[in-house]
Structure formats: C-alpha cells, structure tokens
Amino acid sequence: MSAISTSHRAASPPPQLPLYRFTPEQFQRLIASDVLAPNQVVELHDGQIVVRNNGTLPPLRFTVKQYQRMITLDIVSEHPPNELLDGWIVTKMPRNPPHDSAIYHTHMALIRRLPPEWICRNQSGATTDDSQPEPDLAVVQGPPERYDDHHPTAVETALVIEVSNTTLHRDRSFKGPLYARAGIAAYWIVNVIDGQVEVYTDPVTTDAESAYGHRQEYRGTDSVPLTVGGRELAPILVQDLLPRRVQT
C-alpha cells in the first residue's frame, strides 16, 4: 500500500506548473468588475497577479467563485486552455495523438459497462471546494441534463481519470491529492508513458495533507477492476485503454 508521493499542504507554494498569464486589459477588467476583493492589495507583475505582502510578491490564489465569475464575464480566455487547481489558474498542456487515442479507448470501454444511471463526461469541468479541474474523463451521476446549470461536484462523482503522456508528474503529485481532498472515491491515471493504469483508492485527508491511501498498477494483460457507486462492474483490460503502439 502506498500513497501518492507528494501530498497537498494547506500553505503550499505556487506549483511548478505553467500559470495563466493575464494581460493588462484583463487585469483592469478584474478590478472594474469587482472580481478581486476590495481588500486584496494586488498588482500585475510579468503576467501574474501578485499580492503585495511585506516586500514579497506571491501569486494570488483564486477562489472557485472568482474563477467562475471570470469565465462568465469572458475575462479568462480559453486560449490557452486552463483550469483552476487548488487556487492556481494553470495552463493545460497541448494534446497529442496518443493522449487523445487513450481518451477515446477509455471512454468507449467505460460507456459499454456503465449502468444507465451513470454517465461518462469527456474533458469537462468539475467543481470542488477549491478547484475547478477538467479531468480527461469522469464517471458521474446521470442524467446528462443534471449538469445543465453546474459542473459535477465530488459527491456526484464516482471516478475521475487523467490520461498522462506529458503530464504524469502533474497528475500524480498535484491532481491526485486534489481529488483525494475532495473525497472522490477512485482516481485512475492511464499512464501512456509506461504502458500501465494506476488506480488510486481510499482517499484520506488530515490537517496537513491529502492523499490516496492505496495505489495499484495494472499492465499488459491485467484487468482493471471497475466499481461505480459501490457496484462492481465488468473489469477492463489494460490493453483496451491504451493506444495500440504503447501496449506491452
């Protein structure tokens, strides 16, 4: 049994990930629209909104409410695509053919097994207390119309999946603890680089950290067990999730 290697900590510094860069025009609109709280003493520094604090300039962490309002007001652009992770607006990595192929194979394998009361969403938003990630795949309660006015929350989510090709460190060390902290029961990484599926279960959160308590790796001809809403469904062969050229 092993937890994700790097766990969330409440006072974490900015992640070693590409943060979204604001233009002066976007910064002025944030101020004019009251997205930034009146008591937030901030400035724009090299594309980052930073907090003036005793001579230091840490990047500002945003709330989910602030991020959603930026989207509603069309202040945050979709180019480049981004997501809110633990208060940081992070630029998403470009997709490549192996990544998209694995998403397709995994999505098809899931929808063939899901009972009608569950659906699989593809590269769509989700909402937790402090984040608005866009997992590659998420198994959530149906019907689809349920999410006409909100993104799925953690209590509506049984499984989140990230396909990792160029984002393996981010998905293991940053997104894993985020999903564990939200209390999502299961998290899979379809690891294209190593030709395996990593299954994380048993989320645990303390005052200091969040992590999944159990990790299991599946490779080659292994079958990945699938449990949704406490119900065991037909397992999925690893080779049915990965692009053909990376199967081992």
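Just so it is clear, the structure is predicted and the values come from calculations on it, not from any experiment.

**Observations regarding the sheet that holds strand S10 (residues 210-219)**
Okay, step 1: Pairing is mixed in the open sheet, where six strands are placed in the order S5-S6-S7-S8-S9-S10. A single partner strand is all that each edge strand has here, and the edge strands are strand S5 (118-122) and S10. The mean inter-strand angle of the sheet, taken between neighbouring strand axes irrespective of direction, is 20°.
Okay, step 2: As paired elements, strand S7 (residues 157-164) and strand S8 (residues 186-191) share six bridges and run parallel to each other. Residue pairing across strands places Leu 159 opposite Ala 186, the latter belonging to S8.
Okay, step 3: Against the sheet, helix H4 (residues 168-182) touches S7, S8, strand S9 (196-205) and S10, its axis set at about 170° to S8.

**Some remarks on the nonpolar core**
Okay, step 1: Among the nonpolar cores identified, the biggest contains 28 residues, and Leu 110, Val 139, Leu 159, Trp 188, Val 224, Leu 226 and Val 228 are the most heavily contacted of them.
Okay, step 2: Listed by contribution, the elements that provide at least two residues to this core are helix H3 (97-111), S5, strand S6 (137-141), S7, S8, S9, strand S11 (223-228) and strand S12 (231-237).
Okay, step 3: When near neighbours in sequence (up to four residues on either side) are disregarded, Trp 188 contacts Leu 159, Val 160, Ile 161, Glu 162, Val 197, Glu 198, Val 199, Val 224, Pro 225, Leu 226, Ile 236 and Leu 241.
Okay, step 4: In this structure, Leu 85, Ala 138, Leu 168 and Ile 189 belong to the second largest nonpolar core, which totals 21 residues.

Cut-off values and rules
Residues numbered from 1 in each chain as written. Predicted model: local features only at pLDDT ≥ 70, side-chain atom pairs only at ≥ 80, totals over all residues. Heavy atoms only, no water. Pairing = 2+ DSSP bridges. Helix = DSSP H or I, 4+ residues; strand = E, 2+ residues; numbered from the N terminus. Axes fitted to C-alpha atoms, helices over the stretch in contact; angles between N-to-C directions. Contact = heavy atoms within 4.5 Å. Core = buried A, V, L, I, M, F, W, Y, C linked by side-chain atoms within 4.5 Å. Buried < 20%, exposed > 50% of the residue type's maximum accessible area, 1.4 Å probe, protein only.

Geometric values such as these leave the question of function open.
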